[in-house]
Amino acid sequence: MSEAATLKLGDNTYDLPVITGTENEKAIDISKLRDQTGYITIDSGYKNTGATKSAITFLDGEEGILKYRGYSIEQLAEKSSFLEVAYLLIYGDLPSKSQIEEFQSTISRHTLVHEDMKKFFDGFPSKSHPMGQLSSLICSLSSFYPESLNSKQTADEQNLTMIKLLAKMATVVSWIYKKSLGHPIIYPRNNLDYVSNFLNMTFGQRTEDVEIDPVVVSAMNVLLILHADHEQNCSTSTVRMVGSSDCNLYASISAGISALWGPLHGGANQAVIEMLEQIKEDGGDTDKWINKAKDKNDGFRLMGFGHRVYKNFDPRAKIIKKACDDVLDKLGIDDPILDIAKKLEEAALNDPYFVERKLYPNVDFYSGIIYRALGFPTDMFTVLFALGRLPGWIAQWKEMRENKEPIGRPRQVYVGEVYREFVDIDKR
Ligand code: CMC
């Protein structure tokens, strides 16, 4: 017998279908609720609202499980490359050897960015934040590749738009970094894999190729894989929402980049390092800062702690913490803020305030320390998160299109004035 929920409203009862996902997740289907009852539901922050049925990423916040297309994040981080994971997310299966070679080679044919895009950098103030630049530059790709504006693109045309975006994003990100230094940009090298090419464009010099340390390439692969998708979070929901109006891929992703920028979301990786620096400069008294985070009259929050979904541990944070130790060790870096981070984590994990509220280190708590060790400045961290999240956003946008999802349009409960007679300006 199929499961149903019963809703009682006054004298009437309504049966609402129950949907069960492949991981046995249950949802009450309210899609006909307003037509049947005249009521809507309200759920600020969408804490209990499923916006879609998706086959891309599964996460279980209670058990600390994260899987892309059925593969555990632990296995993917250990055994695969970022490009393989991008392929998996977008097309649904791990690529064969020939498929990944073709994917890599197609991407490398689209890594160049239109030369006119360099002129944008002349217009940005020298200290403008890289995320603002990234969002503008990615949106502006739609004007250089106007075929993307056609919402009736064939699957092949749409695929080419996705490939171009994947290819050009790495170039744009490295250019933002180079321009922030006032250094000349480095053009892509098609004989390098995706991550090595990105690192060469970022840290290379114009006259000679840099020797890219395999430790750095491997760490970067892991970081990008861990960020590659995270189901219906703030930025991904934004990408799907914007895309649901038939808006082109570049503009939809640009909107996702803006959503990611906030310190409660991807911007937390920058905020964590700034917080750790502040604690260090303040003398390193972690107890003092733990108490500040607990004080409801103090606006301070422990950045990199807590998650809307993970209530036990964030599996990405576990992998990153270990990677952080490995990278610093292999690169011979002794970063005093790593010690502060560890002290802070230990204190918080033993403090009833954090334990009761199930607040654990999230993906952003240790990622910044690795980015720093690799040589990235703090304000580039969220841009790196965006680079990693790109395949996930693309996969989610594509799925939304393929499922022919309707335009996103929530309702509201109006609580404003009911009727007011207009008053002439001289009588107000
Ligand atoms: N420090 C101190 N208290 C906290 C923190 C924190 N980092 N996070 C949550 N709390 C408290 C909060 O004050 C509330 O307490 P009370 O019940 O007494 O009012 C309780 O824990 C529940 O918090 P919430 O804000 O209702 O939880 P949420 O699910 O709405 O927010 C969050 C989740 C991630 C926005 C929040 O934990 C936070 O602000 N963390 C710091 C920012 C951060 O690290 N963000 C990155 C998230 S992971 C990367 C990504 O995927 O975006």
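The model shown is predicted, which means the values in this text are computed figures rather than measured ones.

### With respect to the pairing of strand β4 (residues 57–60)
Thinking step 1. Residues Thr57 and Leu59 of β4 are buried on one face, and the alternating residues Phe58 and Asp60, pointing to the opposite face, are buried as well.
Thinking step 2. Judged from the four bridges that link them, β4 and strand β5 (residues 65–68) form a sheet pairing that is antiparallel. When the bridges of β5 are listed, leucine 59 appears paired with leucine 66.
Thinking step 3. Joining the antiparallel neighbours β4 and β5 is a turn of four residues, in which glycine 64 adopts a positive phi near 70°.

### Details of the site of the ligand
Thinking step 1. Taken together, 22 residues form the shell around the ligand, and within it His265, Arg301, Leu302, Gly304 and Arg308 come nearest.
Thinking step 2. Here a nitrogen atom of the ligand sits 3.0 Å away from a polar atom, N or O, in the main chain of leucine 264.
Thinking step 3. When the free accessible area of the ligand is taken as 940 Å², the share hidden by the protein chains comes to 77%.
Thinking step 4. Looking at the shell around the ligand residue by residue, the class counts come to 10 nonpolar, six polar and six charged.
Thinking step 5. No fewer than three residues from each of domain 2 (68–266 + 386–402) and domain 3 (268–374) sit in the shell around the ligand.

### Observations concerning the nonpolar core
Thinking step 1. In terms of nonpolar packing, the biggest core is built from 114 residues, with Tyr68, Leu134, Met220, Ile253, Leu276, Leu302 and Ile369 touching the most fellow members.
Thinking step 2. The residues contacting leucine 276, other than those within four sequence positions of it, are Ile337, Ile340, Ala341, Leu344 and Ile369.

### Remarks on helix α4 (residues 97–108)
Thinking step 1. Taking 1.5 Å of rise per residue, the 12 residues of α4 would be expected to cover 16 Å, and the 17 Å separating its terminal C-alpha atoms lies within 8% of that figure.
Thinking step 2. Among the residues of α4, those classed as buried are Ile100, Phe103, Gln104, Thr106, Ile107 and Ser108.
Thinking step 3. If you follow the buried residues of α4, they end up packed against α3 (82–91), α7 (155–181) and α8 (194–203).

### A word on the domain arrangement of the chain
The figure often quoted for interface size is the accessible area lost as the parts come together.
Thinking step 1. Split by domain assignment, the chain resolves into domain 1 (4–65), domain 2 (68–266 + 386–402) and domain 3 (268–374).
Thinking step 2. Centre-to-centre, using C-alpha coordinates, domain 2 lies 27 Å away from domain 3.
Thinking step 3. On the side of domain 3, 19 residues touch domain 2, which itself brings 20 residues to the contact.
Thinking step 4. When residues of domain 2 are sorted by the area they lose upon contact with domain 3, Leu223, Leu226 and His230 head the list and together hold 30% of the total.
Thinking step 5. On the surface where domain 2 and domain 3 come into contact, there are zero salt bridges.
Thinking step 6. Across the contact surface, domain 2 and domain 3 share six residue pairs in polar contact (both at pLDDT 80 or more).
Thinking step 7. Counting residues per element, the ones that place at least two in the side of domain 2 that touches domain 3 are α2 (73–79) and α9 (214–227).

### Overview of unusual backbone geometry
Thinking step 1. At asparagine 24, a residue that is not glycine, the phi angle is positive and equals roughly 70°.
Thinking step 2. Mapped onto the fold, asparagine 24 is located in the loop between β2 (12–20) and β3 (26–28).
Thinking step 3. The backbone of lysine 404 shows a phi angle near 50°, a positive value even though the residue is not glycine.
Thinking step 4. Its relative accessible area of 71% is what places lysine 404 among the exposed residues.

### Brief notes about the sheet that holds strand β6 (residues 71–72)
Thinking step 1. Across the sheet, which stays open at both edges, the three strands sit in the order β4-β5-β6 with antiparallel pairing between neighbours. Among the strands making up the open sheet, the edge pair consists of β4 and β6.

### Topic: the packing of aromatic side chains
Thinking step 1. In the structure shown here, the tally under the stated rule is 19 aromatic pairs.
Thinking step 2. Look at phenylalanine 82 and tyrosine 194: their rings are 5.7 Å apart centre to centre, the planes differ by 50°, and that puts the pair in the tilted class. Separated by 112 residues along the polypeptide, phenylalanine 82 in helix α3 and tyrosine 194 in helix α8 bring together distant segments of the chain.
Thinking step 3. Classification of phenylalanine 82 as buried rests on a relative accessible area of 1%.
Thinking step 4. According to the relative accessible area criterion, tyrosine 194 is buried, its value standing at 7%.
Thinking step 5. Both rings, one in tyrosine 145 and one in tyrosine 250, keep their centres 6.4 Å apart while their planes meet at 45°; by these two values the pair is tilted. In this pair, tyrosine 145 is assigned in the loop between α6 (130–144) and α7 and tyrosine 250 in helix α11 (residues 249–261), connecting sequence segments 105 residues apart. We note that tyrosine 145, like tyrosine 250, is buried.
Thinking step 6. Through a chain of ring-to-ring contacts, three or more aromatic side chains come together here, namely Tyr177, Phe198, Phe203, Tyr371, Phe376 and Phe381.
Thinking step 7. The positively charged end of lysine 292 is found above the aromatic ring belonging to tryptophan 289, 5.2 Å away from the centroid.
Thinking step 8. We note lysine 318 situated over the ring of phenylalanine 313; from NZ or CZ to the ring centre the distance is 4.2 Å.

Definitions and limits used
Each chain carries its own residue numbering, running from 1 in the direction its sequence is written. Only residues with pLDDT of at least 70 get local features here, since the model is predicted, and only at 80 or more are side-chain atom pairs given and counted; chain-wide, interface and lining totals rely on the full set of residues. Computation of side-chain values: all heavy atoms of the structure, hydrogens and water removed. Only protein chains enter the accessibility calculation, which uses a 1.4 Å probe. A residue is then buried if its area is under 20% of the maximum for its type, exposed if over 50%, and partly exposed in between. Secondary structure counts use DSSP, requiring at least four H or I residues in a row for a helix and at least two E residues in a row for a strand, with both numbered from the N terminus. In this analysis, strands are considered paired if DSSP registers two or more bridges between them. Note on terminology: near, applied to a residue and a molecule or strand, indicates that one of the residue's heavy atoms is within 4 Å of it. Polar contact criterion, stated in full: a pair of N or O atoms within 3.5 Å, where within protein one must be able to donate a hydrogen and the other to accept it, and residues adjacent in sequence count only if both atoms are side-chain atoms. Computed with the Shrake-Rupley method and a 1.4 Å probe, the accessible areas treat only the protein chains shown as cover for residues. Three categories are distinguished: nonpolar for Ala, Val, Leu, Ile, Met, Phe, Trp, Tyr, Cys and Pro, charged for Asp, Glu, Lys and Arg, and polar for the others, with Gly belonging to the last. Boundary definitions for the domains trace back to an automatic or database domain assignment. Nonpolar cores are built from buried Ala, Val, Leu, Ile, Met, Phe, Trp, Tyr and Cys residues. Side-chain atoms within 4.5 Å join them into one set. Contact definition: two residues touch when any of their heavy atoms are within 4.5 Å. Between the first and last residue of a helix there are one fewer steps than residues, each counted as 1.5 Å, and that sum is the expected span. Summed over both partners, the accessible area (1.4 Å probe) lost when two parts come together is defined as the buried area. Throughout this description, the term salt bridge denotes a Lys or Arg side-chain nitrogen within 4 Å of a carboxyl oxygen of Asp or Glu. Aromatic pairing here means that ring centres of Phe, Tyr or Trp (its six-membered ring) are within 6.5 Å. Orientation follows from the plane angle: under 30 degrees is stacked, over 60 is edge-to-face, and everything else is tilted. Charge-over-ring contacts are defined here by two conditions on Lys NZ or Arg CZ: a distance within 6 Å of the ring centre and an angle within 35 degrees of the ring normal.

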